[in-house]
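Chain residues, written in single-letter form:
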Amino acid sequence: MRIGIIASILAFLSPCVVQAESPAMTPPPTQSPLCEDPIDLLTARITALEEHSRKTCIGSTSTPTSWVDFKGQGASVTIDTSHCGFTAADNVQYYTSIKGTSHHWTAQGVSAIYNQSYNGLTVYVYSTQGIRDSLMFANKYSWEIQYIGMVGTPTAVP
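What comes next is a walk through the structure. As the structure is a computational prediction, the values presented were derived from the model and not from experiment.

### Describing the environment of Ser 97
Phase 1: Here Ser 97 shows up in strand 4 (residues 92-99).
Phase 2: Sequence spacing of Ser 97 and Ala 112 is 15 residues, and the spatial spacing of their C-alpha atoms is 10.0 Å.
Phase 3: Apart from the residues within four sequence positions on either side, Ser 97 is in contact with Val 110, Glu 144, Ile 145 and Gln 146.

This is how it looks when you write it as structure tokens:
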């Protein structure tokens, strides 16, 4: 009786131990993913994290940002991301936000990205407090664009 209980506990704790019902059992049972070597699993996860981190770049425009007037209808800035090391083969996605000392809460267009490529992007903004004052607000209140560039689409790391 004790041996049967111990065998049941071991079988529960070790899903890798699969006993054939008969010697002629075909095909052989598949191995549970839980049966993989824990070191191999850990190594695979570390590798995935390293690969993921190599494909992400975070930055901000400089202070002061080189804002340019956009036809009297707002301000624009072109951001050079060549330092990120992305290549033409990478499918880079950018995500942007704005910071400043004041009035950046009135900025529209911050997340609308134009001319996106592996080595840069352009953002056009205007202030809801006065479109024609957008360039003045951007400069006076030190507006900066913060960005994250990622290769591919964000996914969970295994």
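### Re the sheet that holds strand 1 (residues 56-60)
Phase 1: Here 3 strands make up an open sheet; going across it, the order is 1-8-4 and the pairing antiparallel. The outermost strands of the open sheet, each flanked by one partner alone, are strand 1 and strand 4. Each neighbouring strand pair of the sheet contributes to a mean axis angle of 15 degrees, computed without reference to strand direction.
Phase 2: Examined bridge by bridge, strand 1 and strand 8 (residues 144-151) share 5 bridges and lie antiparallel to one another. If you follow Ile 58 over to strand 8, its bridge partner there is Ile 148.

### Considering the pairing of strand 8
Phase 1: Among the 8 residues in strand 8, 6 count as buried, and that is most of the element.
Phase 2: As paired elements, strand 4 and strand 8 share 8 bridges and run antiparallel to each other. The partner of Tyr 95 across the bridge, within strand 8, is Ile 148.

### A few points about the environment of Ile 148
Phase 1: Relative to the helices and strands, Ile 148 resides in strand 8.
Phase 2: Between the C-alpha atom of Ile 148 and that of Thr 81, which follows or precedes it by 67 residues, the distance is 10.0 Å.

### Structural notes on the pattern of salt bridges
Phase 1: Across all of its chains, the model carries 1 salt bridge by this definition.
Phase 2: One salt bridge connects Glu 144 with Lys 99, and the closest N-O pair in it is separated by 3.9 Å. Of the two residues, Glu 144 sits in strand 8 while Lys 99 sits in strand 4, which places them 45 residues apart along the sequence.
Phase 3: We classify Glu 144 as buried; its relative accessible area is 10%.

### Comments concerning the state of the cysteines
Phase 1: Scanning the model with the defined rule gives 1 disulfide in all.
Phase 2: Each disulfide pairs two cysteine sulfurs, and for Cys 57 the partner residue is Cys 84, the sulfurs being separated by 2.1 Å. Residues Cys 57 and Cys 84 share a disulfide whose torsion about the S-S bond is about -65 degrees; that sign makes it left-handed. Placement of Cys 57 in strand 1 and of Cys 84 in the loop between strand 3 (75-80) and strand 4 is noted, with a sequence separation of 27 residues between them.

Conventions and cut-offs
Residues numbered from 1 in each chain as written. Predicted model: local features only at pLDDT ≥ 70, side-chain atom pairs only at ≥ 80, totals over all residues. Heavy atoms only, no water. Helix = DSSP H or I, 4+ residues; strand = E, 2+ residues; numbered from the N terminus. Contact = heavy atoms within 4.5 Å. Pairing = 2+ DSSP bridges. Axes fitted to C-alpha atoms, helices over the stretch in contact; angles between N-to-C directions. Buried < 20%, exposed > 50% of the residue type's maximum accessible area, 1.4 Å probe, protein only. Salt bridge = Lys/Arg side-chain N within 4 Å of Asp/Glu carboxyl O. Disulfide = S-S within 2.5 Å.

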